[in-house]
Amino acid sequence: MDMSYSAVMSRKNEIMKNAVGIDYSRYEKEGIAFDYDRMMDEVGYTLDEVKAIQSETSVGNTPLVELKEINRLVKILSEKGKGARIFLKDEAANPSGSYKDRRASVSVYEAKKRGYKGVIAATSGNYGAAVASQAAKRGLKCIIVQETFDSRGVGQPEIVEKARACEGYGAEVVQLTVGPELFYYFLVLLEETGYFNASLYTPFGIAGVEPLGTELTRQMKEKTGKPADYVIVTHAGGGNLTGTARGLLKADSGSKVIAASVDLSGLHMASDTDFNRKSFTTGHTGFGIPFATFPDRSDVPRNAARALRYMDRYLILTQGEVFYVTELLAQLEGMQRGPAGNTSLCAAIALARELDENETVVVQETEYTGAGKCPSAQLTFARENGVKVYNGDPKDNKPGEAIVIPGDPKQLHYTQMPLEKVRKSYVKQAMKLYSKKAFSETELDFMVKDANTNREELERYIKELES
Amino acid sequence: MQETAKKGQWVKIHNILLKAGERSPRVPEDTRKVPLEMWLNGFLKDAEASIGETVTIESFIGRQVKGTLVEIEPAYEHSFGKPINELLNIGPKVRKILEGSSK
């Protein structure tokens with residue numbers, strides 16, 4: 001068989017169909033439009049089914065922790081009557097140490113049910129460890145394909161740690177240098193092994209996260225008598241936000257959903273030289289914005305993670321601020337966690353100061369930490385790769401050049417990414433990718449929902465972008 | 001460093017998946033100039049092999065893969081890094097703020 005890049009890529013649809021077991025063509029409507037709700041209902045599982053699947057492998061039901069010392073600090077830093085209470089969902093308590101176990105659990109269950117011998121996932125993050133761990137629990141083989149090294153062979157410490165974790169759970173770990181052609185080798189492996197593609201972006205992965213939203217709502221009611229006013233989600237590929245928000249809706253929580261990402265603007269995600277100038281491997285704008293504006297860029301034909309549908313606000317933080325907050329969580333709350341959830345925690349602290357003291361904010365994840373992942377590991381690596389690290393005003397932070405750690409907790413603040421800008425960018429992508437300046441009624445209806453906008457606004461964006 | 005590996009030993013192999021000229025036209029120029037490389041750990045199948053030789057390994061899940069032997073008993077050497085003063089001063093400072101307010 002021809003294994004050249006172009007030959008393998010031309011077999012993509014057939015390979016993927018065999019490897020996911022979903023006939024996506026059933027949900028296609030016209031152009032950009034497809035039946036998202038029907039896909040989620042038919043392919044995914046109900047909340048109760050997901051809970052049953054997850055209880056078999058000890059996933060979920062993580063503690064919700066009130067951050068009492070941080071909250072005391074927030075009150076001191078806030079004006080009288082301000083300073084919302086922050087709660088943290090300790091997802092590090094999942095078997096492999098992150099919420100990603102939720103996402104992997106249903107996919108691995110599905111793979112086993114359908115008789116696949118193994119699962120493959122393309123991921124450099126916690127998801128690899130989660131798939132490996134769930135596969136171990138269900139007796140399936142597992143391959144994880146990672147983008148790990150730059151062309152000098154220097155590995156991002158957080159990703160190297162993830163390789164160690166995956167191997168620790170018995171997975172084969174294929175490590176590659178930088179580049180989106182990782183997908184090519186991913187297809188080669190799927191074709192060779194006939195394994196299941198445990199993609200992050202199938203309805204299984206998203207259904208697996210929904211109980212996170214219902215659990216935290218129940219826990220908040222127990223602790224405070226009402227659902228959370230705000231739930232902050234660290235946003236990258238969009239699955240965490242989509243799944244959590246769908247859970248919150250199913251729990252009828254009324255909570256506002258806030259996305260938070262670390263600013264990595266100016267660094268190219270596929271650049272060999274930029275690769276090791278990033279001190280965050282996920283939860284950043286390099287994934288957050290492209291996946292919000294064009295979700296179907298993922299490794300399946302239709303992405304079940306559609307964050308823009310569910311996002312009420314989008315807050316951006318700097319790397320230095322998130323490192324600061326990671327240290328704060330350890331020093332004041334006795335919890336060494338992160339980095340991932342700490343992007344949300346940073347947003348939560350800045351936001352809580354503006355909110356009323358009787359309001360509540362939930363940061364919906366933590367992750368395990370350790371060698372390669374903790375701030376000292378990342379900052380040592382940053383310095384070795386020519387990035388400056390110093391105390392100062394976070395406004396001077398420049399991705400890839402300077403990580404500025406605040407000198408004072410008052411300096412923690414967020415930048416708001418206007419959702420109108422993200423929506424307009426969504427429309428721009430749609431026009432570019434479908435080479436269209438006009439859309440059908442079916443497409444317009446879909447885009448209104450997918451970009452969480454209204455018909456008038458959508459038509460205005462199209463008009464503005466035409467010229 | 002050990003130069004020769006024996007059958008069954010845990011080793012690392014290396015392969016070039018795409019040469020510099022074969023890369024996707026969509027990748028940035030700096031990435032296009034370098035090959036797409038791959039590394040994989042596994043148990044050596046050959047009776048004996050030296051660094052730089054083409055060998056076959058059996059991966060953790062039993063897949064047989066060919067490649068150039070580059071490391072014998074590869075170790076994970078990522079660490080906790082060095083002490084970072086800019087972080088170390090955070091705890092004492094915020095504790096002072098908290099203590100000051102409870103007086």
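Residue numbers restart at each chain and count upward from 1, following the sequence in its written direction. Ligands are numbered from 1 and chains lettered from A, in the order in which they are written. With pLDDT at 70 or above as the cut-off, local features in this predicted model cover only qualifying residues; side-chain atom pairs require 80 or more to be listed or tallied, and sums for whole chains, interfaces and linings still use all residues. Side-chain numbers come from the whole structure's heavy atoms, not from hydrogens or water.

(A) Examining the overall build of chain B more closely. Helix numbering and strand numbering both begin at the N terminus, where a helix is a DSSP run of H or I of at least 4 residues and a strand a DSSP run of E of at least 2. What chain B contains, in helices and strands, is 3 helices and 6 strands. Each helix and strand of chain B, ordered N terminal to C terminal, gives the series β-β-α-β-β-β-β-α-α. Its C-alpha radius of gyration of 23 Å places chain B more than 25% over the 13 Å reference for a compact globule of 103 residues. Its C-alpha atoms give chain B principal-axis dimensions of roughly 70 × 40 × 25 Å. The long-range share in chain B, meaning contacts at least 24 apart out of those at least 6 apart in sequence, stands at 54%. Here the Shrake-Rupley method, with its probe set to 1.4 Å, supplies the accessible areas, and only the displayed protein chains count as covering residues. Summing over all exposed atoms, chain B offers an accessible surface of approximately 5900 Å²; the carbon and sulfur share of this is 51%. The charge count includes Lys and Arg as positive and Asp and Glu as negative, but it does not include His or the ends of the chains. Throughout, a charge is located at the NZ atom of Lys, the CZ atom of Arg, the CG atom of Asp or the CD atom of Glu. For chain B, the distance from the average position of its 16 positive side-chain charges to the average position of its 14 negative side-chain charges is 8 Å. Computation of the radius of gyration draws on C-alpha atoms alone. For the globule rule, the value is 2.2 Å times the number of residues to the power 0.38. In this analysis, two residues are considered to be in contact whenever any of their non-hydrogen atoms come within 4.5 Å of each other.

(B) Fine view of the interface of chain A and chain B. Contacts between chain A and chain B engage 63 residues on the former and 42 residues on the latter. Accessible-area loss on putting two parts together, using a 1.4 Å probe and summing over both, is the definition of buried area adopted here. At the boundary of chain A with chain B, total buried surface from both sides reaches about 4500 Å², with 63% on carbon and sulfur atoms. Considering only the side of chain A, the residues that lose the most area to chain B are A:Glu167, A:Glu172 and A:Glu181, jointly responsible for 13% of the buried surface there. The rule for a salt bridge is simple: a side-chain nitrogen of Lys or Arg has to be within 4 Å of a carboxyl oxygen of Asp or Glu. Seen at the junction of chain A and chain B, the total is 4 salt bridges. For B:Arg23, the salt bridge is made with A:Glu181, and the minimal N-O distance between the two is 2.7 Å. Counted as a polar contact is a pair of N or O atoms within 3.5 Å, where, for protein atoms, one must be capable of donating a hydrogen and the other of accepting one, and residues adjacent in sequence contribute only when both atoms are in side chains. If you look at where chain A meets chain B, you find 25 residue pairs in polar contact (both at pLDDT 80 or more). Secondary-structure elements contributing two or more residues to the side of chain A that touches chain B are helix H5 (68-77), strand S6 (141-149), helix H8 (157-168), strand S7 (172-177), helix H9 (182-193), helix H14 (319-333), helix H16 (375-384) and strand S13 (388-392) of chain A. Per-class residue counts for the side of chain A that touches chain B are 33 nonpolar, 16 polar and 14 charged. In short, DSSP must find at least two bridges between two strands for them to pair. Note that S7(A) and strand S3 (residues 36-44) of chain B share 3 bridges and pair antiparallel. Residue pairing for S3(B): A:Val174 is matched across the bridge by B:Leu40. Any residue outside Ala, Val, Leu, Ile, Met, Phe, Trp, Tyr, Cys, Pro, Asp, Glu, Lys and Arg is labelled polar, Gly included; the first ten of those are nonpolar and the last four are charged.

(C) Representation of the packing of helix H6 (residues 100-113) of chain A against helix H7 (residues 126-138) of chain A. Residues and elements named next belong to chain A. Helix axes are fitted only over the stretch in contact, all axes being lines through C-alpha atoms; the angle between N-to-C directions runs from 0 to 180 degrees. Relative to each other, H6 and H7 sit at 45 degrees, their axes nearing to 8 Å. Here H7 runs oblique to H6, going by the angle between their axes. Remark: the crossing between H6 and H7 carries right-handed chirality. In this structure, H6 contributes Lys100, Asp101, Arg103, Ala104, Ser105, Ser107, Val108, Tyr109 and Lys112 to the contact, and H7 contributes Asn126, Tyr127, Ala130, Val131, Ser133, Gln134, Ala135 and Arg138. Across the contact of H6 with H7, the residue classes break down as 7 nonpolar, 5 polar and 5 charged. Angle categories are assigned with fixed cut-offs, so that under 35 degrees is roughly parallel, over 145 is roughly antiparallel, 65 to 115 is roughly perpendicular, and the rest are oblique. In a left-handed crossing the near helix is turned counterclockwise from the far helix by less than a right angle, and in a right-handed crossing that turn is clockwise.

(D) Inspection of the nonpolar core at higher detail. Residue and element names in this part refer to chain A. Nonpolar cores are built from buried Ala, Val, Leu, Ile, Met, Phe, Trp, Tyr and Cys residues. Side-chain atoms within 4.5 Å join them into one set. Per-residue accessibility, obtained with a 1.4 Å probe over protein chains only, is compared with the maximum for each type, and a residue is labelled buried under 20%, exposed over 50%, and partly exposed between these values. Among the nonpolar cores identified, the biggest contains 80 residues, and Met39, Val119, Val131 and Met447 are the most heavily contacted of them. In terms of residues, this core owes the most to one element, helix H17 (residues 419-433), which gives 6 residues. The residues touching Val119, leaving out its near neighbours within four places in the chain, are Ala111, Val131, Ala135, Leu140, Lys141, Cys142, Ile143, Tyr195, Phe196 and Ala198. By size, the runner-up hydrophobic cluster in this structure holds 48 residues, among which are Ile70, Leu73, Val325 and Leu412.

(E) Summary view of the pairing of strand S12 (residues 360-363) of chain A. Residues and elements named next belong to chain A. Alternating residues of S12 divide into Thr360 and Val362 and Val361 and Val363, and every residue in both groups is buried. Summarising the sheet, strand S9 (residues 230-234) and S12 pair through 3 bridges and their orientation is parallel. Its bridge partner being in S12, Ile232 is matched across the sheet by Val363.

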